[in-house]
Amino acid sequence: MHAHDRFPSEGFPGRGRARGRAAEAPPPVDRAEVAGWFAGRLPDEWFTGPVELLIDRDEITVVGAVPEPDAGEGDASAARAGRIARFREQTREQRMGIADAAQARYGRSVAWGARCGDTRELFTTLSVPVMTRLRQPERQVLDTLVDAGVARSRSEALAWSVRLVGEHTEQWLTQLRDAMASVEEVRARGPQLD
C-alpha cells in the first residue's frame, strides 16, 4: 500500500482542506457554463426545447423532451414509452461520445433521460455508495423500515428516507443550494494567492 492510499490528503495541495466536500470531489462547476456547453453539443433535432440538467459532485444528468407521438387509436402512454425507447436506441452511440467529452471536461459521469408528455425515464444513472455512521436510534429507524417491508436493506431504507426528506423540503433545499452557489461565486472572485 502506498502512503497516499493511507493518507490521501498528505502531499496533495488543496486535498482534505475543503469543508463539507470529499477530498476527491471534482471542483464545482458553473451551471450556466454546463448548460451552454450541452446546448452547443446536443443535436437540435433531439429535443423540443432546452434540457433539464441535474448536477452534483458525481454526475450530470441530462433530460430532454422528445416529440410526443400521435397514438391514434393506440394507448397514449405506450406510445410515449415507445418514443422514449426509440430515442434511447437511435442516439446511444452519439450520446456516449458527448458523455465522454463532458466527463473529460467536467470530471463527472453523464447520465441521460428523456421526457415525452407526462412520461419521464432516466437511462443508466450512478448509484454511489455513501459512508455514514449512525447511532442506535437512527439504526432503529432504518431497521423498522426494513422490518415493515418498506425497504429491503438499511441502505435502501436510508435512500428512501433521503428521497422523502427531499420531497418535503424542496423549497428549503433550493434556498440552501442557491446560497451555496453564491458562496462559491464569491470565493471564485476572491484574491488569488500565488
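It should be noted that the structure appears before, not after, this text.
Calculation rules
- Starting afresh in each chain, residues are numbered from 1 along the sequence in its written order.
- Where totals are concerned, whole chains, interfaces and linings use all residues; where local detail is concerned, this predicted model gives features only for residues with pLDDT of at least 70, and gives and counts side-chain atom pairs only at 80 or more.
- The side-chain numbers reported here are obtained from all heavy atoms of the structure, hydrogens and water having been left aside.
- A side-chain nitrogen of Lys or Arg and a carboxyl oxygen of Asp or Glu constitute a salt bridge if their distance falls within 4 Å.
- Put simply, DSSP H or I for four residues or longer makes a helix, DSSP E for two residues or longer makes a strand, and each gets a number counted from the N terminus.
- Only protein chains enter the accessibility calculation, which uses a 1.4 Å probe; a residue is then buried when its area is under 20% of its type maximum, exposed when over 50%, and partly exposed in between.
- Stacked, edge-to-face and tilted labels apply to pairs of Phe, Tyr and Trp rings (six-membered ring for Trp) whose centres lie within 6.5 Å, assigned for plane angles under 30 degrees, over 60, and everything in between, in that order.

A look at the pattern of salt bridges
Then, number 1: Scanning the entire structure with this criterion turns up 10 salt bridges.
Then, number 2: The partner of Glu-121 in a salt bridge is Arg-88, with the nearest N and O atoms 3.9 Å apart. Of the two residues, Glu-121 is situated in strand β4 (residues 119–122) and Arg-88 in helix α3 (residues 76–106); the sequence distance between them amounts to 33 residues.
Then, number 3: Under the relative-accessibility criterion, Arg-88 is labelled partly exposed at 25%.
Then, number 4: When the shortest N-O distance is used, the salt bridge between Glu-170 and Arg-177 registers 3.4 Å.
Then, number 5: Using a relative accessible area of 39% as the deciding quantity, one classes Glu-170 as partly exposed.
Then, number 6: The network of salt bridges with common partners includes Glu-52, Arg-115 and Arg-120.

Describing the packing of aromatic side chains
Given two aromatic rings, their pairing is described by the distance between the two centres and the angle made by the two planes.
Then, number 1: On inspection of all chains with the given rule, the structure shows 7 aromatic pairs.
Then, number 2: Consider the rings of Trp-46 and Phe-87, whose centres lie 5.6 Å apart with planes at 90 degrees: the pair is edge-to-face. Remark: Phe-87 occurs in helix α3 and Trp-46 occurs in the loop between α2 (31–41) and β1 (52–55); sequence separation between them is 41 residues.
Then, number 3: Ring centres of Phe-47 and Phe-87 lie 5.2 Å apart, and the angle between their planes is 50 degrees; on these two criteria the pair is classed as tilted. One end of the pair, Phe-47, is in the loop between α2 and β1; the other, Phe-87, is in helix α3, and 40 residues separate them in sequence. A single burial state applies to Phe-47 and to Phe-87, both of which are buried.
Then, number 4: An aromatic cluster is built from Trp-37, Phe-38, Trp-46, Phe-47, Phe-87, Tyr-106 and Trp-112, whose rings are joined through pairwise contacts.

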